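# Summary of structural features
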Amino acid sequence: MTASRKTTLFTKLRRHGTTALLAGAVALISACAQTRPAPAAGQDPLVISQSTDAALQQYLAKIYPNLRGAFAVSPDGQNSFYLFCPDISCNPPLYGGLAKTQCYSLTGAECILLYVGRDPRYAYTVSPTKTPVGHHGYRRATPLNELPVFND
């Protein structure tokens, strides 16, 4: 019979600690990795109107320093709604869902999330022809320091 090898507490901690550290590092790296969905094979990019493109340019100008916000557009490209944050910390943080919901209330159609922050989520082109102006809206999110709780 062979004698069982005695393992010390330090050896066990080192072995399990290394495993936990590696698992944490992999989780952190995968959480930080950005994936950008591409249009499906054979799918044409969304065509947005010139007025929607003007609203998109306003949105991109407003979120430049903080990278917080979302821009949703109707399936026909005529209508849009965006939500932006003027500060690093805003309430609420669910920009994409709110932008899509508000866009839906403008159009009555399920909207497409075109941008989150400055990250495009859907391929699009701007229509070369002038079309009637659609409905475009926006909302400024409330920074935490402007909430009544923080203003004593």
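Above this text sits the structure in question.
So, a few notes on the structure that sits alongside this text. (Residues numbered from 1 in each chain as written. Predicted model: local features only at pLDDT ≥ 70, side-chain atom pairs only at ≥ 80, totals over all residues. Heavy atoms only, no water.)

It is worth spelling out the pattern of salt bridges at this point. Following the criterion strictly, the structure yields one salt bridge and no others. With its nearest N and O atoms 3.4 Å apart, the salt bridge here joins R121 to D119. The partly exposed category is assigned to R121, whose relative accessible area is 31%. (Salt bridge = Lys/Arg side-chain N within 4 Å of Asp/Glu carboxyl O. Buried < 20%, exposed > 50% of the residue type's maximum accessible area, 1.4 Å probe, protein only.)

Attention now moves to helix α2 (residues 50-62). Compared with an ideal rise of 1.5 Å per residue, which puts 13 residues at 18 Å, α2 spans 19 Å between its outermost C-alpha atoms and is within 8% of the ideal. Inspection of α2 places S51, T52, D53, A55, L56, Y59 and L60 among the buried residues, and these make up the whole buried set. (Helix = DSSP H or I, 4+ residues; strand = E, 2+ residues; numbered from the N terminus. Expected span 1.5 Å × (residues − 1).)

Following the sequence through the fold, T52 ends up in helix α2. Reaching out from T52, the side chain makes a polar contact with the backbone oxygen of Q78 at a distance of 3.3 Å. (Polar contact = N/O pair within 3.5 Å; in protein donor to acceptor, adjacent residues only side chain to side chain.)

Attention shifts here to the nonpolar core. Judged by nonpolar contacts, the single largest core of 14 residues is most densely connected at L46, L56, Y59, F71, V73, L114 and Y115. Listing elements by their share of this core, those giving two or more residues are β1 (46-48), α2, β2 (69-73), β3 (80-84) and β5 (112-116). Counting residues per element, this core draws most heavily on α2, which supplies four residues. Ignoring any residue separated from it by four or fewer positions in sequence, one finds L114 in contact with L46, L56, F71, A72, V73, D119, P120, R121, Y122 and Y124. Counting residues in each nonpolar core, the second largest holds eleven residues, with A72, F81, L83 and C111 among its members. (Core = buried A, V, L, I, M, F, W, Y, C linked by side-chain atoms within 4.5 Å. Contact = heavy atoms within 4.5 Å.)

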